[in-house]
Structures are given as structure tokens and as C-alpha cells.
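Architecture at a glance
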There are 2 protein chains.
Amino acid sequence: MAVDQLSNTFAALADPTRRAILARLAHGEATVGELAAPFSMSVQAVSKHLKVLERAGLITRGRAAQQRPARLRGRPLEDAANWLERYRQFWEGSFDRLSDHLREIQKDNAHD
Amino acid sequence: MAVDQLSNTFAALADPTRRAILARLAHGEATVGELAAPFSMSVQAVSKHLKVLERAGLITRGRAAQQRPARLRGRPLEDAANWLERYRQFWEGSFDRLSDHLREIQKDNAHD
DNA sequence: TGGTTGTTTAACCAGTGGGTTGAATTTACC
DNA sequence: GGTAAATTCAACCCACTGGTTAAACAACCA
């Protein structure tokens, strides 16, 4: 997988199970077991999903006895939203100044 | 890969080459050759990236003589942005009503 | 008709993703 | 110390990604 943070974030979001996990975590932290319960999949598989989310910075893990509760981190979501926001004028249908706008915000901002 | 549209969109965005292609297309439609030029990669590889973007609905292809110019479609970007928008209150740090909010918008909205 | 340009298809390769099962690890409880 | 619970690690499977090169296809030009 690509190494840049934004790519990791989008890749992490590109799976319905992981998006459901994030939705669950928005209500508060949860253990692996709790997160796995709604899915017809092994707890090990969920543990792998959590590792993907952790690598993307979308969650942090704590420790409480044997459990390692996961907690949502919003920052990468914000970064992803900001990236998409650049295109808002585009999907809203007014392309007039978008070209200039993009040229400007990408000046010191490589390909992404 | 997951079959749902949102997963396809996020997966398509999870690659810096493809994001750069979208940025280029925001300035106007472009042919495969034009899109490939800035990259140190074969034109065939770019053609594959375009197929991924097309599958995600992020571009449409036209036809003009031998060329098949690509054009950006904003709709899936909007859908992705809307998905992220649910978490805005979260990354802005006010979690107060988020739980209720999520519960509400997800009532008729399966896991995603 | 044949050649050139633009693009896609096919076959291949190494790496990764998402899942499985089974074993190991960590921590609490008695 | 022994056992049970929560989690991770390891090995494996199969499908897909992102790239390559070589060949095929499509459309224009002379």
C-alpha cells in the first residue's frame, strides 16, 4: 500500500466493515470483542481491521486488564475531508474559479 | 474489492497517482497521453488507473478521434464528503450530541 | 492500401488484503 | 500456581493491485 498518510486513510475507509467499526466507535470506545459481535467474522479478522485503522491513525488503543479498547481519532478524517473539500465547487457545478483555486492550493503541495 | 459504491470511491482515492489525475482533470478534460506525461510510468499503467476511476464513477470517458478524453465527475466525491461530514463534530472536539446524531442518520442506513 | 498515433488488452510478476484456523500471549481470578 | 478470558501472532488461501512488456485494436493521414 502507498505510504503517505492520506492514502492510508482512504484505504482504511474503503471497507464497509471498517466504516461500521468507526461508526460504532463514534459512540464511545469499545473492545475487540464488542466490535466483533455484530459481524459474522472471527475476532481475529476484526483485530486485523483494527490494525489497519490504527496504522491510518484513525484509532488509538488503550489497555484495561486483558482488553485493549479502541478509541476513535478524528484528525485523519478531518484531513480526508479537507482534501475532498477542494472539489466542492466542482460537484456543486460552479467550475468557474476552481482551476485557479486548485492551482493555488497545490503550489507547494506536490501531487496528491 | 468491496462492491458498494462508497468503498470503490475511497479505494480509488487511496492512491496518490489517481489523486493527482483527479487534480489534473479538475482543470478540464485530458487524454490518456496527457495524463500519463507527468508520471514516470507507462501509459498502460495510467490506463489502468483510469479504469479504476471509471469504475468508481469518478470519471467518464469521451471519444474524439483516437483519443478517449477523461472528464471528472463530482458526484462520488460529494458522497464521500458527505460520509465524512458525519464525523465533523467529532474531529472538532464536541462529542456532545454526536452519538444521538449518528444514531439518527444511521437508522435507515445499514452499516457503512 | 499501408503507416502512424492513441489506447486497450493480455499475460505475467511481486506484493498486499481480507478472511480462515490454530497456537501463543497477557492478565485476571481463585 | 492453574485456569479461563481477551487479544494477537503465524501460517495459509485466494483474489486483487500496481506495475511491467508485447501484442491487438481503432482511427486518422498520405
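Above this text sits the structure in question.
Here the structure is a predicted model, which means the values were calculated and not measured. (Residues numbered from 1 in each chain as written. Chains lettered and ligands numbered in written order. Predicted model: local features only at pLDDT ≥ 70, side-chain atom pairs only at ≥ 80, totals over all residues. Heavy atoms only, no water.)

**Overview of the environment of Gln5 of chain A**
All names here are of chain A. Using the following cut-off: Every helix listed is a DSSP run of H or I at least four residues long, and every strand listed is a run of E at least two residues long, numbered separately from the N terminus. Every residue pair with non-hydrogen atoms within 4.5 Å of one another is taken to be in contact. Throughout this description, a polar contact denotes any pair of N or O atoms lying within 3.5 Å of each other; where both atoms belong to protein, one of them has to be capable of donating a hydrogen while the other can accept it, and for residues adjacent in sequence the pair is counted only when both atoms sit in side chains.
Considering the arrangement of structural elements, one finds Gln5 in helix α1 (residues 5–13). Between the C-alpha atom of Gln5 and that of Pro76, which follows or precedes it by 71 residues, the distance is 8.1 Å. Those residues in contact with Gln5 that lie beyond four places of it in its chain are Arg55, Ala56 and Gly57. In this structure the side chain of Gln5 is engaged in a polar contact, spanning 2.7 Å, whose partner is the backbone oxygen of Ala56.

**Section: the nonpolar core**
Soluble, globular proteins show a tendency: their nonpolar side chains are buried together. As a reminder, the rule being used: Among buried residues, the Ala, Val, Leu, Ile, Met, Phe, Trp, Tyr and Cys ones that are joined through side-chain atoms within 4.5 Å form a nonpolar core. For the exposure calls, accessible area comes from a 1.4 Å probe over protein chains only, and a residue counts as buried if that area is under 20% of its type's maximum, exposed if over 50%, partly exposed in between.
Formed by 66 residues in total, the largest nonpolar core has its most connected members in Tyr87 of chain A together with Tyr87 of chain B. When near neighbours in sequence (up to four residues on either side) are disregarded, Tyr87 of chain B contacts Arg19, Leu22, Ala23, Ala26, Leu72 and Leu77 of chain A.

**Topic: the packing of α1 of chain A against helix α5 (residues 75–85) of chain A**
Residues and elements named next belong to chain A. Applicable threshold: In this analysis an axis means a line fitted to C-alpha atoms, helices contributing only their contacting stretch, and an angle means the value between N-to-C directions, from 0 to 180 degrees. Geometric relationships in this document are graded by angle, where less than 35 degrees denotes roughly parallel, more than 145 denotes roughly antiparallel, 65 to 115 denotes roughly perpendicular, and other angles denote oblique. Here the nonpolar group is Ala, Val, Leu, Ile, Met, Phe, Trp, Tyr, Cys and Pro; Asp, Glu, Lys and Arg are the charged ones; every other residue, Gly included, is treated as polar.
Following both chains from N to C, one finds α1 and α5 inclined at 100 degrees, their axes separated by 10 Å at the closest point. Put simply, α1 runs roughly perpendicular to α5. Mapping the contact onto sequence places Leu6, Thr9, Phe10 and Leu13 in α1 and Pro76, Leu77, Asp79, Ala80 and Trp83 in α5. Of the residues assigned to the contact of α1 with α5, the class counts are seven nonpolar, one polar and one charged.

**Quick look at the side chain of Thr9 of chain B**
Residue and element names in this part refer to chain B. When you line up the elements, Thr9 lands in helix α1 (residues 5–13). Relative accessible area serves as the criterion here: at 2%, Thr9 is assigned to the buried category. Filtering out sequence-adjacent residues up to four positions away, Thr9 remains in contact with Ala56, Leu58, Pro76 and Ala80.

**Side note on the pattern of salt bridges**
Applicable threshold: Take a side-chain nitrogen of Lys or Arg and a carboxyl oxygen of Asp or Glu: if they are within 4 Å of each other, that pair is a salt bridge.
In total, this model carries 11 salt bridges over all chains according to the counting rule given. Between Arg19 of chain A and Asp4 of chain B there is a salt bridge, with its nearest N and O atoms 2.7 Å apart. Of this pair, Arg19 of chain A sits in helix α2 (residues 16–25) while Asp4 of chain B is found in the segment before α1, placing the two residues in two different chains. Given the relative accessible area of 0%, Arg19 of chain A is considered buried. We classify Asp4 of chain B as partly exposed; its relative accessible area is 26%. A salt bridge links Glu34 of chain B to Arg24 of chain B, with the nearest nitrogen and oxygen atoms 3.9 Å apart. One end of the pair, Glu34 of chain B, is in helix α3 (residues 32–36); the other, Arg24 of chain B, is in helix α2 (residues 16–25), and 10 residues separate them in sequence. For Glu34 of chain B, a relative accessible area of 45% gives the class partly exposed.

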